[in-house]
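# Secondary and tertiary structure notes
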Amino acid sequence: MGELSQIDPVISRLIRAELARERGVIDMVASENIAPLGVLEAQGSILSNKYADGYPGDRLFDGCDVVDEIETLAIDRAKDLFGAEHANVQPYSGANANAAVLFALANPGDTILGFDFAHGGHPSQHDATTFAGRFYTAVAYGVRREDGLIDFEQVEMLARAHRPKVIFAGGSCYPRRIDFGRFRQIADEVGAFLVADLAHIAGLVAAGIHPDPVPFAHVCTMTMHKTLGGARGGMILCLSELADQIDRAVFPGDQGGPLPHVIAAKAVTLLLAAGPEYRERMERTVRGAALIGGMLHRAADETHMPVLTGGTDVHLFALDTSPRKATVQQALTWLHHLGIMGDSVTIAYDPLAPPDCSGLRLGTALLATRGFQDEDFRELGEILISRLSDPRGSTLATLRERTMALCNRFPIYREFEV
Ligand code: DSN
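A brief look at the structure comes next. (Residues numbered from 1 in each chain as written. Predicted model: local features only at pLDDT ≥ 70, side-chain atom pairs only at ≥ 80, totals over all residues. Heavy atoms only, no water.)

### Digging into the overall build of the chain
The helix and strand tally for the chain stands at 17 helices and 14 strands. Computed over its C-alpha atoms, the radius of gyration of the chain comes to 22 Å, within 12% of the 22 Å expected for a compact globule of 418 residues. Overall, the chain is about 65 × 60 × 35 Å in size when its C-alpha atoms are taken along their principal axes. A total of 418 residues make up the chain; the buried ones form 57% of that total. (Helix = DSSP H or I, 4+ residues; strand = E, 2+ residues; numbered from the N terminus. Rg over C-alpha atoms; globule rule 2.2 N^0.38 Å. Buried < 20%, exposed > 50% of the residue type's maximum accessible area, 1.4 Å probe, protein only.)

### So, helix H11 (residues 260-273)
Relative to the 20 Å expected for 14 residues at 1.5 Å per residue, H11 spans 20 Å between its end C-alpha atoms, a close match to the ideal helical length. By the criterion of burial, H11 is predominantly enclosed, with 11 of the 14 residues buried. Along H11, the residues that are buried comprise Pro260, His261, Val262, Ile263, Ala264, Ala265, Lys266, Ala267, Thr269, Leu270 and Ala273. Looking at the buried side of H11, the elements it contacts are helix H3 (37-43), helix H4 (65-82), strand E10 (234-238) and helix H12 (276-298). (Expected span 1.5 Å × (residues − 1). Contact = heavy atoms within 4.5 Å.)

### Points about a nonpolar patch on the surface
Together, Leu4, Val10, Ile11, Leu14 and Ile15 line one region of the surface with nonpolar side chains, adding up to about 420 Å² of accessible area. Sorting elements by how many residues they give to the nonpolar patch places helix H2 (residues 9-23) first, with 4 residues. Summarising the element assignment, isoleucine 11 is placed in helix H2. (Patch = residues over 30% accessible without salt bridge, like charges linked within 9 Å, V, L, I, M, F, W, Y side chains within 5 Å. Areas by Shrake-Rupley, 256 points an atom, 1.4 Å probe, with all protein chains shown as cover. Salt bridge = Lys/Arg side-chain N within 4 Å of Asp/Glu carboxyl O.)

### Some points on the layout of surface pockets
Rolling a probe over the atoms, with the probe sized like a water molecule, indicates the empty space that remains. Reported here for the largest pocket is a volume of approximately 910 Å³. At the level of elements, helix H1 (4-7), H2, H3 and helix H15 (365-370) are the ones that each hand at least two residues to the lining of the largest pocket. The biggest single contributor to the lining of the largest pocket is H2, with 7 residues. Taken together, the residues of the lining of the largest pocket break down into 12 nonpolar, 7 polar and 11 charged. In terms of lining residues, the second largest pocket is bounded by 25 residues, among which Ile34, Ala35, Pro36, Arg281 and Thr369 are the most central. Of all the secondary structure elements, the ones that give two or more residues to the lining of the second largest pocket are H3, H11, H12 and H15. (1 Å grid on protein atoms, 1.4 Å probe; cavity = no way out; pocket = protein on both sides within 12 Å on 5 of 7 lines; lining within 4 Å. Points joined across faces, edges and corners; volume = space filled by probe spheres on them. Nonpolar A, V, L, I, M, F, W, Y, C, P; charged D, E, K, R; others polar.)

### With respect to the packing of H4 against H11
Relative orientation of the contacting elements H4 and H11 amounts to 35 degrees, with a least axis distance of 9 Å. As H4 runs across H11, the sense of the crossing is left-handed. Each of Val67, Ile70, Glu71, Ala74, Arg77, Ala78, Leu81 and Phe82 in H4 lies in contact with H11, whose residues at this interface are Pro260, Ile263, Ala264, Ala267, Val268, Leu270, Leu271 and Ala273. (Axes fitted to C-alpha atoms, helices over the stretch in contact; angles between N-to-C directions. Left-handed = near helix turned anticlockwise from the far one by under 90°.)

Here is the structure:
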């Protein structure tokens, strides 16, 4: 059948181009990471050939003994790692996982309460463009204007007024620890299910460096490729009393057949996350974000881009570009000139609308995987401050040299040829 470079030289060249791009940038996109070779090997394996609709021991297809063993292993590893009663490892993504959970726990038209995407939540919890906003009566809470922290008074007020079936906690751009216990109190008061959306912080939770949501949430959803740094896809944890509902909502409710190759890669991801080096990497990730976030916070008089909430407890932080009278797209362009990648988010009370809005989100998970130590994060913090303080200054060439020196110090995927 031949190798990719022979069958499809164009795609082969583009994959190598992407490898060269990833090698040549300082990637601070908070949702990205570098999957280990073992994960890539499983994800690119012949397991991709297999159909296995259903669950281990209860499939619609023949010949599922091996994939049953793989999926059972992934489930057991997930339960052990997170201390959960039940795990479903089939969701194709975090957004799919949220959709399946809604499908399981609420009927179309029921009210749900999500964390506003513009305030750090996620569209799949409430937005009109998604399953959540289209089929449910979605209400959203946000953060307080004065300190950027979750407005629990508003959560309580909305929960009491709307009596939602489901309350989501967690999202895409919230830089502080989440008090899942407080969310659970509110959920109990109004008879709602609490769903912890761990898409971003799953890796930190697995390492025990973020307060554990599992004792409080009826259900947790997550991705495996962000801070967890592994297979591309989602996962759901839940109480055993909800296991059947959740499983049926994932398949056949929300998805077709599972992806056995991805489930195998999820199993590898979970094995690595239980290993001895993992916690150290997660601690370095959070320390790196706190270091750079803290430096940028103290330099806000120079950059005119305050750090939301004054810093971070997790792997990401966000800058408000509006006091600088710059859009996030302009700020990203200034960073791109150095080879630094970040991404744009709407922030609470943003005076601008996407894509030209005012939130610059930066994260450290991928850089910690590359091997960045505290001194490297400090050097990157100095580069960011210089660039954002004086984007039209004469320091561009020097800053680019410093950025590329950092980048070259931590090569990735040396096993692959460009
Ligand atoms: N959830 C998005 C992010 O945080 O980047 C990706 O879907």
